[in-house]
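Each chain, letter by letter, is given below.
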Protein chains: 2
Amino acid sequence: MKVALDAMGGDTGPDVAVQGALAAVRTLDDIEVILVGPEELLQARLKELSRGDSLALARVSVHPASEVITMHDVPVDAIRKKKDATVVVGFDLVKTGRADAMVSAGNSGATMAAAVKKLGRLPGISRPGIASFFPTVKQPVMIMDIGANVDCRAQHLYQFAVMACSCARLLQQNPQPRLGLLSIGAETGKGNALVKETYPLLQASPLNFIGNVEGRDVYQGDVDVVVCDGFIGNILLKTSEGLADAALQMIRGEILQSWRAKIGYLLMRGALSNFKKKVDYAEYGGAPLLGINGTGIVCHGSSNGNALRNAIAVAANMSRHNINAAIVRHLSEYRVEQENTVS
Amino acid sequence: MKVALDAMGGDTGPDVAVQGALAAVRTLDDIEVILVGPEELLQARLKELSRGDSLALARVSVHPASEVITMHDVPVDAIRKKKDATVVVGFDLVKTGRADAMVSAGNSGATMAAAVKKLGRLPGISRPGIASFFPTVKQPVMIMDIGANVDCRAQHLYQFAVMACSCARLLQQNPQPRLGLLSIGAETGKGNALVKETYPLLQASPLNFIGNVEGRDVYQGDVDVVVCDGFIGNILLKTSEGLADAALQMIRGEILQSWRAKIGYLLMRGALSNFKKKVDYAEYGGAPLLGINGTGIVCHGSSNGNALRNAIAVAANMSRHNINAAIVRHLSEYRVEQENTVS
């Protein structure tokens, strides 16, 4: 299993990618990593950071790419102009069969645009999207779409549901993932026009649809897959990050006001760091691009080596389980019910 | 200043309303409270809970209403059928000048429907909405709409901005509240179709528009007013509540695994409870209904007496400052710019 890794994608430079590649080959069976980026630089960093570990070095290679797409680039323009960008070259490796999957911690819009340009969409899929795992009180929940499609129709949300459930079945080994539709009340008929149109499509499908779910249900872990349009999904994601940060800042402010609390904090530190680890996106292995004709994962820009290692593991798993074949099969199996409902 | 209080609105029965009324008249100057609900019951509870405090009792009265609208009622139907419901009678007191404002911790849809039915909309306002204060690292931020309007047009968001900024100016004594448009990227041009249409309206207005803000900015306190449609606003509100609860559950779970952490928790308890107080909706005095021709506030169903007391204070303040006159004046002042932009 060969996974291409965008070596210039993250906010913190190529060392993180090199560390992620080394961690992946050292801890995962049957994995090779292809670092995509400036060849000389990457070979030098690889040599230094591996400390001559020849077993690891034998499973990490470098594929040259001279350009980088930044967070400030406009995705579609950048893909067109920078033909030798790491993310474009990486998906070309997948297209030509030289890699099984691609992982990038770069501009997520550009990663999606490069994936669609190089690999195309799966048959029957109108809009590929990005799924992401959110931590909950119980097991993680998968949310789709988290930002690729800001204005959606019911048919798009229906397809997100099929894709995310197919992915959750195989990745989480859950034969009947509970599917929820993000809305503002659990009762049928609550929600905006898009939710009201999507509800009957999901209800008529063979998916394990449990109905509308609210923002507060997401974190209780009583649902496995939640669908929403990419505008709301992205706001949900960033609000959650923002609230977690703000809460920790406020608690820290309170702790600094008292010696008692400072000592308490020292004693509780282990528990708090376990909590932080549980909610850290780095543990969840990035966000799969679903609906493209190949395997791609986009990671948080501030991913560390461990986060990239986990994303490489998920990418390899997705490719091994042939999630795309499952998506196409489910989509065509469900088409009858779907057409019956729409007509 | 007379404030009507729905005595049967909250999840926990009339005692909370009686406690809120007593707390209000004891701690706020120039306030009388009219409890709206079953007369005998309320008089009895008032007698007992006031412990014969005749000074307080002189400023709390009861106005009879025999019906109650529950959280399970469909707002518009319930308003039509239950003509003697507490929330309907309460807004009738405002309409007929027997009260200056109305506060309810009941069904927010029914509260808005009763307000619109009894009081009507302010001139020029297409859609009244609900504004709410969210805690941040700095001062609270006002978000509008948090659930009254699930499908909006740009013009509605523009009006939410004018209303919320007028309210923030007077309530927070902030002459130039910083206004943000909730989106998925700070750059102009990022967002869904609604955001892209709303952006130029806000930019052309005399409001202090600082551009798009993301979910994570909301909690940093670098913006005073944030506008969004009611579907997203409600999801933001409930996600925030849900995430805060889930985080505390997860932290508690970690603490219970170690004695060290348990002792640490005991020492930190004061700091954590200060934090909890800071983020507690009860401190923020409920959510103003803006755009109705009168003053109304809706509170969280699980509000305690202190939360209701704070909401009564905000309601009286809104009425005193004549926020509605400011809204109507600003709306007509801005109409020229607005029409120039639309045409």
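Residues numbered from 1 in each chain as written. Chains lettered and ligands numbered in written order. Predicted model: local features only at pLDDT ≥ 70, side-chain atom pairs only at ≥ 80, totals over all residues. Heavy atoms only, no water.

1. Focus on the sheet that holds strand β3 (residues 60–64) of chain B
Residues and elements named next belong to chain B. The strand order across the open sheet formed by eleven strands is β3-β2-β1-β4-β11-β10-β5-β6-β9-β7-β8, and the pairing between neighbours is mixed. Two strands in the sheet have a free side with no partner beyond their single neighbour: β3 and β8 (209–213). Pairs of neighbouring strands in the sheet enclose a mean axial angle of 25°, with direction left out of account. For strand β5 (residues 129–134) and strand β6 (residues 141–144), the ladder comprises four bridges, and the chain directions are antiparallel. Bridge pairing links S132 to I143 in β6. On top of the sheet, helix α1 (residues 14–27) reaches β1 (2–6), β2 (32–37) and β3; it is set at about 170° to β2, its chief contact. (Pairing = 2+ DSSP bridges. Helix = DSSP H or I, 4+ residues; strand = E, 2+ residues; numbered from the N terminus. Axes fitted to C-alpha atoms, helices over the stretch in contact; angles between N-to-C directions. Contact = heavy atoms within 4.5 Å.)

2. A closer look at the side chain of N174(B)
Relative to the assigned elements, N174(B) resides in the loop between α7 (154–171) and β7 (179–182). Filtering out sequence-adjacent residues up to four positions away, N174(B) remains in contact with A168(B), R169(B) and D224(B).

3. Some details on the relation of the copies chain A and chain B
After a rotation of 180° and a shift along the axis of 0.0 Å, chain A superposes on chain B with an RMSD of 0.0 Å. Taken together, the rotation angle and the small translation identify this as a two-fold axis. Taking the C-alpha atom as reference, chain A places G264(A) closest to the rotation axis, 1.7 Å from it. Both copies share a contact surface, since 98% of the interface residues of chain A are interface residues in chain B too. (Least-squares fit on C-alpha atoms with pLDDT ≥ 70 in both.)

4. Structural notes on the interface of chain A and chain B
With 49 residues of chain A at the contact, the number on the chain B side is 48 residues. Carbon and sulfur atoms make up 72% of the surface buried where chain A meets chain B, a total of about 4700 Å² over both sides. Per-residue buried area on chain A facing chain B is highest for I184(A), F231(A) and M250(A); these three make up 14% of the total on that side. Summed over the shared surface of chain A and chain B, the result is four salt bridges. In this structure, E241(B) engages R216(A) in a salt bridge whose closest nitrogen and oxygen atoms are separated by 3.1 Å. Across the chain A-chain B interface, the total number found is 14 residue pairs in polar contact (both at pLDDT 80 or more). Every element with two or more residues in the side of chain A that touches chain B is listed here: α8 (193–204), α9 (215–218), α10 (230–255) and α11 (259–279) of chain A. Counting residues per element, the side of chain A that touches chain B draws most heavily on α10(A), at 19 residues. Of the residues that constitute the side of chain A that touches chain B, the class distribution is 28 nonpolar, 13 polar and eight charged. (Buried area = accessible area lost by both parts, 1.4 Å probe. Salt bridge = Lys/Arg side-chain N within 4 Å of Asp/Glu carboxyl O. Polar contact = N/O pair within 3.5 Å; in protein donor to acceptor, adjacent residues only side chain to side chain. Nonpolar A, V, L, I, M, F, W, Y, C, P; charged D, E, K, R; others polar.)

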